[in-house]
Amino acid sequence: MWTLIQREILTNLMTFRFFVAVVACVALVLATTVVLTNDYARRLANYNAAVTKHSQRNFSAKTYSYQSLWLDRAPNPLSIFSQGLDKRAANTLKLARGRVPHLWEDNYFSTDYDNPFRHLLAELDIVAIFQLLLSLLALVFAYDAIAGEREAGTLRLMLANPVSRGTILFSKYVGAMVCLLLPFLLSFLLALLCQMLIGVIQWTVDDYLRIGGIFATSLVYVSTFYLIGLLISSATRHAATSLILSVFVWIVFTLIYPNVSLFMVNRLIKTEEKVEQANRKIEQLWEHFHRERKKQHNPLEGRNPLVHSSGWHGTDAGKNCTYIAPEFEPQIPAVKAYYQSVVTRRIQTAEKTWRERKQVLADTYIRKSNIARNALRFSPAGLYQLTTEAWAGTGLRGVEDFFTHMRHYRQTVLNYFDDKKAFSSRQWFASDRGEVRWDDMPRCSYRRPRAVENATQALPDLLLLVVLNPLLFLATFLIFIKKEM
Amino acid sequence: MTWHLIKRELFEQLSSLRFCLATLLTVGLMVVNAIGYIDAHRTQQTDYRQKTTAALQEMERRCDTLYNLVISGPGQLYKKPSNLSFCAAGSEDKLPDAAAGRGAGWGMGPKINGVVYSTSGLWRMDYNIQPPLTGKDIFPTFLKIDWVLILTVVFSCLALVFTFDAISGEIESGTLRLTLSNAVPRRTLLTAKFLSAFVSLSLLFFIGALMNLLLLYLSGTLQLTTEECSRIAGIFVVVPIYLSVFIALGLLVSSRANSAAPSLVILLLLWTIWVILIPAALGNIVSGLNPAQSRRDSSRRHIVKNQTRERYLARGLLAAAPSRTHPPTSATQLWAEFLNEDRHAAERSNRELLQTQIREIQRAQNVNRISPTAIAQSALEALAGTGFQRHLQFLKNVDNYGKQFNDFLLDTDRADLDSLHVPFVREGMSDKPVTFASIPKFEDKTRLEDAFSVAMQEGMLLLLFFLVLFVAAHVSFQNRDI
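Now for a description of the structure that goes with this document. (Residues numbered from 1 in each chain as written. Chains lettered and ligands numbered in written order. Predicted model: local features only at pLDDT ≥ 70, side-chain atom pairs only at ≥ 80, totals over all residues. Heavy atoms only, no water.)

With respect to the overall build of chain A
Point 1. Helix and strand counts for chain A come out as 13 helices and 4 strands.
Point 2. Taking the principal axes of the C-alpha coordinates as reference, chain A spans close to 110 × 45 × 40 Å.
Point 3. For chain A, the proportion of its 485 residues judged to be buried stands at 55%.
Point 4. Considering only contacts within chain A whose residues lie at least 6 apart along the sequence, 81% involve residues at least 24 apart.
Point 5. One way to put it: in chain A the 56 positive side-chain charges average out to a point 2 Å from where the 40 negative ones average out. (Helix = DSSP H or I, 4+ residues; strand = E, 2+ residues; numbered from the N terminus. Buried < 20%, exposed > 50% of the residue type's maximum accessible area, 1.4 Å probe, protein only. Contact = heavy atoms within 4.5 Å. Lys, Arg positive; Asp, Glu negative; His and termini not counted. Charge placed at Lys NZ, Arg CZ, Asp CG, Glu CD.)

Concerning the overall build of chain B
Point 1. Looking only at helices and strands, chain B features 15 helices and 5 strands.
Point 2. Taken against the 2.2 N^0.38 rule, which gives 23 Å for 482 residues, the C-alpha radius of gyration of chain B at 30 Å runs more than 25% over that of a compact globule.
Point 3. The C-alpha extent of chain B, read off along each of the three principal axes, is 100 × 45 × 40 Å.
Point 4. When each of the 482 residues of chain B is scored for burial, the buried share is 55%.
Point 5. Looking at chain B alone, contacts between residues at least 24 apart form 83% of all its contacts between residues at least 6 apart.
Point 6. As displayed, chain B offers around 20,700 Å² of accessible surface, 60% of which is attributable to carbon and sulfur atoms.
Point 7. The averaged location of the 41 negative side-chain charges in chain B is 3 Å from the averaged location of its 47 positive side-chain charges. (Rg over C-alpha atoms; globule rule 2.2 N^0.38 Å. Areas by Shrake-Rupley, 256 points an atom, 1.4 Å probe, with all protein chains shown as cover.)

Describing the pairing of strand β1 (residues 69-72) of chain A
One face of the sheet, then the other: side chains in a regular strand alternate in exactly this way.
Residue and element names in this part refer to chain A.
Point 1. Going residue by residue along β1, you find Leu-69 and Leu-71 tucked away on one face and Trp-70 and Asp-72 tucked away on the opposite face as well.
Point 2. Note that β1 and strand β2 (residues 92-95) share 4 bridges and pair antiparallel. Looking across to β2, one finds that Trp-70 is bridged to Lys-94. (Pairing = 2+ DSSP bridges.)

Topic: the packing of aromatic side chains
Point 1. The final tally for this structure, using the stated rule, is 50 aromatic pairs over all chains.
Point 2. Between Phe-170 of chain A and Tyr-173 of chain A, the ring centres sit 6.4 Å apart and the planes meet at 35 degrees, which makes this aromatic pair tilted. Placement of both Phe-170 of chain A and Tyr-173 of chain A in helix α6 (residues 165-198) is noted, with a separation of 3 residues, approximately one turn of the helix.
Point 3. The exposure class assigned to Phe-170 of chain A is partly exposed, which follows from its relative accessible area of 36%.
Point 4. Feature note: the residues Tyr-64, Tyr-416, Phe-417, Phe-423, Trp-428 and Trp-438 of chain A constitute an aromatic cluster, connected by ring pairs.
Point 5. Above the face of the Phe-477 of chain B ring, Arg-186 of chain B is positioned so that its terminal group lies 5.6 Å from the ring centre.
Point 6. In this structure, Lys-441 of chain B packs its charged tip against the face of Phe-436 of chain B, placed 4.4 Å from the ring centre. (Phe/Tyr/Trp six-rings, centres within 6.5 Å; stacked < 30°, edge-to-face > 60°. Lys NZ or Arg CZ within 6 Å of the ring centre and 35° of its normal.)

Quick look at the side chain of Asn-33 of chain B
Point 1. Assignment of secondary structure puts Asn-33 of chain B in helix α2 (residues 17-37).
Point 2. Beyond its immediate sequence surroundings of up to four residues, Asn-33 of chain B is in contact with Phe-263 of chain A together with Phe-86, Ile-145, Asp-146, Trp-147 and Asn-212 of chain B.

With respect to the interface of chain B and chain A
When the parts of a complex come together, some accessible area is lost, and that lost area is often used as the size of the interface.
Point 1. If you look at the interface, chain B gives 73 residues, while chain A gives 65 residues.
Point 2. Summing the contributions of chain B and of chain A, the shared interface buries around 5,900 Å²; its carbon and sulfur component is 75%.
Point 3. Counting across the chain B and chain A interface gives 0 salt bridges.
Point 4. Summed over the shared surface of chain B and chain A, the number is 3 residue pairs in polar contact (both at pLDDT 80 or more).
Point 5. Among the elements of the structure, α2, α5 (147-163), α10 (260-289), α12 (330-368) and α14 (387-415) of chain B are those that each provide at least two residues to the side of chain B that touches chain A.
Point 6. Classifying every residue of the side of chain B that touches chain A by side-chain character gives 47 nonpolar, 17 polar and 9 charged. (Buried area = accessible area lost by both parts, 1.4 Å probe. Salt bridge = Lys/Arg side-chain N within 4 Å of Asp/Glu carboxyl O. Polar contact = N/O pair within 3.5 Å; in protein donor to acceptor, adjacent residues only side chain to side chain. Nonpolar A, V, L, I, M, F, W, Y, C, P; charged D, E, K, R; others polar.)

So, α2 of chain B
Owing to its 3.6 residues per turn, the α-helix brings residues three or four apart onto one side.
Point 1. For α2 of chain B, with 21 residues, the first-to-last C-alpha span of 30 Å sits near the 30 Å given by 1.5 Å per residue.
Point 2. Of the residues flanking the end of α2 of chain B, it is Asp-39 of chain B, one or two places downstream, whose phi is positive at about 70 degrees. (Expected span 1.5 Å × (residues − 1).)

Here's the deal with the sheet that holds strand β2 (residues 98-102) of chain B
Residue and element names in this part refer to chain B.
Point 1. Reading across from one edge, β1-β2-β5 is the order of the 3 strands in this open sheet, with antiparallel pairing throughout. Pairing within the sheet leaves two strands with one partner each, and these edge strands are β1 (75-78) and β5 (124-126). The average angle at which neighbouring strand axes cross in this sheet is 25 degrees, direction not considered.
Point 2. Pairing analysis gives 3 bridges linking β2 to β5, with the strands arranged antiparallel. Residue pairing for β5: Ala-100 is matched across the bridge by Asp-126. (Axes fitted to C-alpha atoms, helices over the stretch in contact; angles between N-to-C directions.)

Concerning a positive patch on the surface
Point 1. Positive charge collects at one region of the surface, where Arg-156, Arg-237, Lys-482 and Lys-483 of chain A lie side by side.
Point 2. Considering the arrangement of structural elements, one finds Arg-156 of chain A in helix α5 (residues 154-160). (Patch = residues over 30% accessible without salt bridge, like charges linked within 9 Å, V, L, I, M, F, W, Y side chains within 5 Å.)

Points about the environment of His-326 of chain B
All names here are of chain B.
Point 1. Among the secondary structure elements, His-326 is positioned in the loop between α11 (300-314) and α12.
Point 2. What makes His-326 exposed here is its relative accessible area of 59%.
Point 3. Along the chain, His-326 and Ser-419 lie 93 residues apart, while their C-alpha atoms are 9.1 Å from each other.
Point 4. Discounting residues that sit within four places of it in the chain, His-326 has contacts with Ser-419 and Leu-420.

So, the packing of helix α9 (residues 226-256) of chain B against helix α15 (residues 448-478) of chain B
Residues and elements named next belong to chain B.
Point 1. The N-to-C vectors of α9 and α15 enclose an angle of 20 degrees; their axes lie 8 Å apart at closest approach. Here α15 runs roughly parallel to α9, going by the angle between their axes. Pair α9 / α15 crosses with left-handed handedness. (Parallel < 35°, antiparallel > 145°, perpendicular 65-115°, else oblique. Left-handed = near helix turned anticlockwise from the far one by under 90°.)

Section: the packing of helix α8 (residues 239-268) of chain A against α2 of chain B
Point 1. It is at 10 Å that the axes of α8 of chain A and α2 of chain B come closest, and there the two elements cross at 10 degrees. By the criterion of interaxial angle, the relationship of α8 of chain A to α2 of chain B is roughly parallel. Along the contact surface, α8 of chain A presents Ile-244, Leu-245, Phe-248, Val-252, Ile-256, Val-260, Phe-263, Met-264, Arg-267 and Leu-268 of chain A, while α2 of chain B presents Leu-17, Arg-18, Leu-21, Leu-25, Leu-29, Val-32, Asn-33, Ile-35, Gly-36 and Tyr-37 of chain B.
Point 2. When its residues are assigned to classes, the contact of α8 of chain A with α2 of chain B shows 16 nonpolar, 2 polar and 2 charged.

Brief notes about helix α7 (residues 205-235) of chain A
Point 1. Relative to the 45 Å expected for 31 residues at 1.5 Å per residue, α7 of chain A spans 45 Å between its end C-alpha atoms, a close match to the ideal helical length.
Point 2. The buried fraction of α7 of chain A is high, at 23 of 31 residues.

Some thoughts on the environment of Glu-92 of chain B
Residues and elements named next belong to chain B.
Point 1. Mapped onto the elements of the fold, Glu-92 is located in the loop between β1 and β2.
Point 2. Separated by 298 residues in sequence, Glu-92 and Arg-390 have C-alpha atoms that sit 9.6 Å apart.
Point 3. Ignoring anything within four residues of it in the chain, the contact list for Glu-92 reads Lys-79, Thr-386, Gly-387 and Arg-390.

Observations concerning a nonpolar patch on the surface
Residue and element names in this part refer to chain A.
Point 1. Where nonpolar side chains cluster on the molecular surface, the patch consists of Leu-10, Leu-13, Met-14 and Leu-182 and spans about 390 Å² of accessible area.
Point 2. Position of Leu-182 among the secondary structure elements: in helix α6.
Point 3. Looking at Leu-182, the relative accessible area reads 41%, which means it is partly exposed.

A short note on the pattern of salt bridges
Point 1. Enumeration according to the criterion identifies 40 salt bridges over all chains in this entry.
Point 2. Two residues, Arg-410 of chain A and Glu-351 of chain A, come together in a salt bridge whose shortest N-O distance is 3.1 Å. A residue pair is termed long-range when its members are at least 10 positions apart, and Arg-410 of chain A in helix α12 (residues 396-419) and Glu-351 of chain A in helix α10 (residues 332-376) qualify at 59 residues.
Point 3. One continuous salt-bridge network, built from bridges that share partners, spans Arg-8, Glu-9, Glu-170 and Lys-193 of chain B.

Details of the nonpolar core
Point 1. By size, the foremost hydrophobic cluster in this structure holds 190 residues, and its most contacted members are Phe-81 and Tyr-226 of chain A together with Trp-147, Phe-246 and Trp-271 of chain B.
Point 2. Looking at this core element by element, the count peaks at 16 residues for α10 of chain B.
Point 3. Setting aside chain neighbours within four positions, we find Tyr-226 of chain A in contact with Ala-138, Phe-141, Ala-142, Ala-145, Lys-172, Tyr-173, Ala-176, Met-177 and Leu-180 of chain A.
Point 4. If you look at the next biggest cluster of nonpolar residues, it comprises 47 residues, including Leu-71, Ala-89, Trp-354 and Val-413 of chain A. (Core = buried A, V, L, I, M, F, W, Y, C linked by side-chain atoms within 4.5 Å.)

Focus: unusual backbone geometry
All names here are of chain B.
Point 1. Pro-327 follows His-326 through a cis peptide bond whose omega is -10 degrees.
Point 2. Tracing the backbone through its elements, the reader meets Pro-327 in the loop between α11 and α12.
Point 3. Positive phi is not limited to glycine here, since Ser-91 has a value of about 50 degrees.
Point 4. The residue Ser-91 is located in the loop between β1 and β2 in this model.

Take a look at the structure:
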């Protein structure tokens, strides 16, 4: 078997296609890595600038009601490998009492695209290059593995020796995989080296595990396409026919099926009506809140000339009275009670609207996106894309994790306000007797999920890809036996 | 003889497995396109009409005085969607669908004699609207199934599959020697092979496209005007030129290779790089290596703004307030001068930013032109009235309308005999209401000549690619030892 493997490796290594594979893979991956790493550096600089600006602004309010928390999402360094939603999802959000943070809120801002036309330029990440190029190379290595030898008559010669058919197939598989591994490994390592030399990204142990996961998935993906090619090669008599069929399969699996399925899902599953219904219901909830609020009397409303204040006059959203005239002092308990009641109701309404929105989002955008992702699973290229997204943490779940964390943080902030009895305190609306000190307020510290969580998300799809391999090998083996009885 | 050869080649092509697979693929994709675009156009048009009506209503609410229009501008100006987006989607969902002529916001200025003046109140055009597709979109990215995708990706590959063994296959099987032993010149044979692939592929595309049009027509989605028919006819001219490029490439490689399979392998690798990877990556790589100055990087605008302000403060801007005194006081003139200069500076800055952004994309698109796919895409998008070229046309329309709107403001002011005619300061202008009907309305018109001009340029480039490759194929075949 070793002799056969050696022969296969040597035959493949000395071909023109191997040379092309190495040059194409290395050149494309290196160029993409340089651009994506520079782009990551720009995004990181934007993020750091935003964090510096917001950390000063977040804790500078003099009253509780005046505080607004701006939080930023750091770019994911693994987006260089698989961009997923990392660049598209909003990366700055404002935490408010009247709003529960989620991915689709209008008030969140994305700072990653300054030029709105940049959306026009397609962006290939490293995984996308592997997805197209490695799968094609695998088929190019496989198309004549059996059909070529059958056509040239060398297969019969080989079978005349005491070598089992399984051994022949297995050695061809191992030989080709070793040759495919070389350009892949070379470009992968050069990409990592290039990133280290640029020096923007500090990889953690978890990141190395994730990169390992992407590497392993890529290998399984290449193997899947090689086995598809081998299957076609063993089923056809001529190498040219095998290649035509392989090209057809490649185009369908990597280009046509993923795009057609997503195009149809996007077109046929309607979400607008349900979202509009939910928006109307949410609007009604807020209208109800405002009606109730107006019924309550704010003892300070309309009397601002007597109080030195800044802020949004006439609302309870944010206020900073720097001086309250002594004649108003008897009314302060009533003002405190007013704010306690209104702010609590605002928070409750926000929770109610979130429950409403959460349900409709699950029924519309998430459902549609999940259907699209399930449809992608019928193609090895789609499976590869989903698995690498899961490893990189740039998929829907990876991005949603940030918003889930922000929802928890919002709750922590509200609990802190509650513990401090902030809503019913004088410092809610006035700093005349001292400003609020924010030293003991819990800070937001978001970290990406551990690599184990990424692995848990990636494993089901990876397993599907892995299972495809023995199945394809078995099918190839059976066809080969039948053809070469 | 030539006709006989063409007939033979054509018959072989039409009865092959690849033609059968190609037909299946074309029919399937054209049906998918038709299903995907049924009602899409109607929804787009309804959406456009609703948005435009809302913008006009908003404008009507603001025309109680002329000055209100001066500070708030014409409002949202929407881009008219194309009827032919099923031919070329043109990444319209990734482009801004509007520009906004809106107020610059009330910078609370100095208080002179109890009146608060805004130092930056005049309307200006903002081109920097974010596209409809923003952070809210969690749907996986995909390529729209339109004629552009079907032609540039599928048919270019089919052209190679139809020609990879045209010469090498016959050399391998020995039939080429037999054919050439007759009195058949090589150029005739190559031309016959070219024509057979050309006719079969063009025919396949046209049949698929006509079927697609018929499906859309029967579903009630499509009602084409004469202009749109001309545009589709233009597309039908570009398609065969694009196909010729890849057929010539296939013949060139096939005439160099000794056997069919390696010929296809080389063609496939070339195709992947030329059709898929270069249009998707090269422009972005070039653009990424030399990114344009972004909005957030440019603090120049604020510096200029502050400098203007400082200059006018030094000239005594706050010394006196503008008034309705006849003839206009020096304070009124000074305020008018200041507001106008501030507006011009802001507009200049907006335009410079826009030009930088446009140049960044154009540079990337120009680099991508080394691939015929990018050229064909640009030609088809121009003809379909979608894509970046169309967006530039929209921005030009917006610009012209901005000037027209300002002229209207000045004319209306001139028509009021009570006005001081000192634009654009509140006291210097008419304070009478404006008739909504008299305000010019924005119309996003597209010109067929512009579309054809772009398509012609791109078509010529494609023709050049074809000629080079076809001549190379001839030379290579002539020099080939059989």
